[in-house]
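Architecture at a glance
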Amino acid sequence: MDFRRGRAREEPEINFIPLIDVLLVILIFLMVTTTYSHFSELKINLPTAQGEQQQSKTVEIKVAVAADGAMAVNGAKLPGGDKAALLASLKAAAAGKRDVVVVVNADARSTHQSVIAVMEAAREAGLSQLTFATQNLK
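What counts as what
- Residues numbered from 1 in each chain as written.
- Predicted model: local features only at pLDDT ≥ 70, side-chain atom pairs only at ≥ 80, totals over all residues.
- Heavy atoms only, no water.
- UniProt positions renumbered as here; feature names shortened; annotations may be inferred.
- Helix = DSSP H or I, 4+ residues; strand = E, 2+ residues; numbered from the N terminus.
- Salt bridge = Lys/Arg side-chain N within 4 Å of Asp/Glu carboxyl O.
- Buried < 20%, exposed > 50% of the residue type's maximum accessible area, 1.4 Å probe, protein only.

The name given to the protein chain in an unreviewed UniProt entry is Biopolymer transporter ExbD, with the source organism recorded as Chromobacterium vaccinii. For the protein chain, the Sequence similarities (unreviewed entry) comment in UniProt is given as "Belongs to the ExbD/TolR family."

Shown next, in the form of structure tokens:
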């Protein structure tokens, strides 16, 4: 026996209120747990470059460092790894001159230790102005 004959059939309904509640909870959870990058915390003042020529001429001592560790000061070759000869050459090249700049021309395959040795020898010789030569790639 079918007892439902006399009743009208009800249409199924989707209740959106629990769905909205769950989505709001997920949204709040994501907002609370998300970290944001704070780029404004780092205050960096980048240097600017001027294209003007220098007024006074400076004396340059050019130190070349080869890939095998051999060095040359103003074209005069030194044995590789001889720190005492490098120090003596730098002192002789800077004798009696003011505003001396040491220009390091290091091969890309030279070791960092050989470049550090040049920097240390320049410091011991009392030469505080040091620069590195670079190559423009076009």
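The structure having been displayed, the exposition proceeds.
What about unusual backbone geometry?
At Asn74, a residue that is not glycine, the phi angle is positive and equals roughly 50 degrees. Here Asn74 is to be found in the loop between strand S2 (71-73) and strand S3 (76-78). Phi is positive for Asp99, close to 55 degrees, though the residue is something other than glycine. Mapped onto the elements, Asp99 comes out in the loop between helix H2 (83-93) and strand S4 (100-106).

Details of the pattern of salt bridges
The tally for this structure, following the rule as stated, stands at three salt bridges. A salt bridge links Lys83 to Glu124; its shortest N-O distance comes to 3.5 Å. Here Lys83, found in helix H2, pairs with Glu124, found in helix H3 (residues 112-124); they are 41 residues apart in sequence, far enough to count as distant. Exposure remark for Glu124: the relative accessible area of 36% places this residue in the partly exposed category. Of the charged contacts in the structure, one is a salt bridge between Asp107 and Arg109, with a shortest N-O distance of 3.9 Å. Note on Asp107: relative accessible area 28%, which makes it partly exposed. Its relative accessible area of 67% is what places Arg109 among the exposed residues. Overlapping salt bridges bring together Lys83, Glu120 and Glu124 as one network.

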